[in-house]
Each structure stands twice: as structure tokens, then as C-alpha cells.
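Report on the structure
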Amino acid sequence: QVQLVESGGGLVQAGGSLGLSCAASGNIFRINNMGWYRQAPGKQRELVAAITSGGSTNYADSVKGRFTISRDNAKKTVYLQMNSLKPEDTAVYYCNANILTIVARYPTEHWGQGTQVTVSS
């Protein structure tokens, strides 16, 4: 069984910064892509940023230049540093990882429980 446990988030004023982290645990053989998604009230979940096991990254246009995704493979952890936050960044942020477990034949997608980020104007 795999768990993704998120930490960070909270309330911040516009222009401020927050950091999120997400640690994977369980019977993991290999973690492929990891990423962060977000879902604002009344909107669909959207990709914020993703990172491959080799460190290649991609970002949503709306966060380019403000957010930075990184990972520590030894710690099985992915991070999201969010700077210059805007009220429109307010959402529940979810960690995602494509993981091959020890007992599985194919990798599967796993999700964290979500953490609230609120940016006040």
C-alpha cells in the first residue's frame, strides 16, 4: 500500500510565499513522475507542475516564473515552492505520483489528501 502525505499550505497575503511538500511511503519499487494539481471551488482539477524522475519539469502557464517544483528521490518527496502568490492561486493542492509498487506489474497513479492554500488580497 502506498501513501502520499502532504504538508504545508495555509493562509498568506497576496505577494507572499508558501511551500508544500509531499512524502511517499509504502511498498514502493520506483516513483516515476510526480506533480502537483489544484482545484478551486467550482473548477476542474488542473495540473500546476510536474517533475520526472530525472528532474525535468513543466509548469502551467499561470504559475511559470513564480512556482518551483523539485524532488528528493532518496526521501521520496516532492516539493512546491510558491512565490508571488495571487488570490487566484487559492485552491486545494493535491500531490500526485506515478508509482510502481513491489507487488505490481504496472505503475499506478496515487494522490495525496489535499492541502488548502488560501491567498488573501
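Residues numbered from 1 in each chain as written. Predicted model: local features only at pLDDT ≥ 70, side-chain atom pairs only at ≥ 80, totals over all residues. Heavy atoms only, no water.

**Overview of the packing of aromatic side chains**
Within this structure, the stated rule accounts for one aromatic pair. On the basis of an interplanar angle of 65° and a centroid distance of 5.0 Å, the ring pair of Tyr37 and Trp111 is categorised as edge-to-face. One end of the pair, Tyr37, is in strand β4 (residues 28-39); the other, Trp111, is in strand β10 (residues 108-111), and 74 residues separate them in sequence. Across the ring face of Tyr94, the terminal group of Arg45 is positioned such that the distance to the ring centre comes to 3.7 Å. The ring of Trp111 has Arg45 sitting right over it, with the charged end atom 4.7 Å from the ring centre. (Phe/Tyr/Trp six-rings, centres within 6.5 Å; stacked < 30°, edge-to-face > 60°. Helix = DSSP H or I, 4+ residues; strand = E, 2+ residues; numbered from the N terminus. Lys NZ or Arg CZ within 6 Å of the ring centre and 35° of its normal.)

**Points about the pairing of strand β3 (residues 18-26)**
When strand β1 (residues 2-8) meets β3, the two strands line up antiparallel, connected through seven bridges. Across the sheet, residue Val5 finds its bridge partner in β3, namely Ala23. Summarising the sheet, β3 and strand β8 (residues 77-82) pair through six bridges and their orientation is antiparallel. Bridge pairing links Ser21 to Tyr79 in β8. (Pairing = 2+ DSSP bridges.)

**Digging into the nonpolar core**
General note: in soluble globular proteins, nonpolar side chains tend to be found buried as a group. Counting 29 residues, the largest nonpolar core has Trp36, Leu80, Met82 and Tyr93 as its most contacted members. Mapped onto this core, the elements with two or more residues apiece are β1, β3, β4, β5 (46-51), β7 (67-72), β8, β9 (91-101) and β11 (115-120). For this core, the element with the highest residue contribution is β9, accounting for five residues. Not counting the four nearest positions on each side in its chain, Met82 is found in contact with Gly16, Ser17, Leu18, Leu20, Arg66, Phe67, Tyr93 and Val117. (Core = buried A, V, L, I, M, F, W, Y, C linked by side-chain atoms within 4.5 Å. Buried < 20%, exposed > 50% of the residue type's maximum accessible area, 1.4 Å probe, protein only. Contact = heavy atoms within 4.5 Å.)

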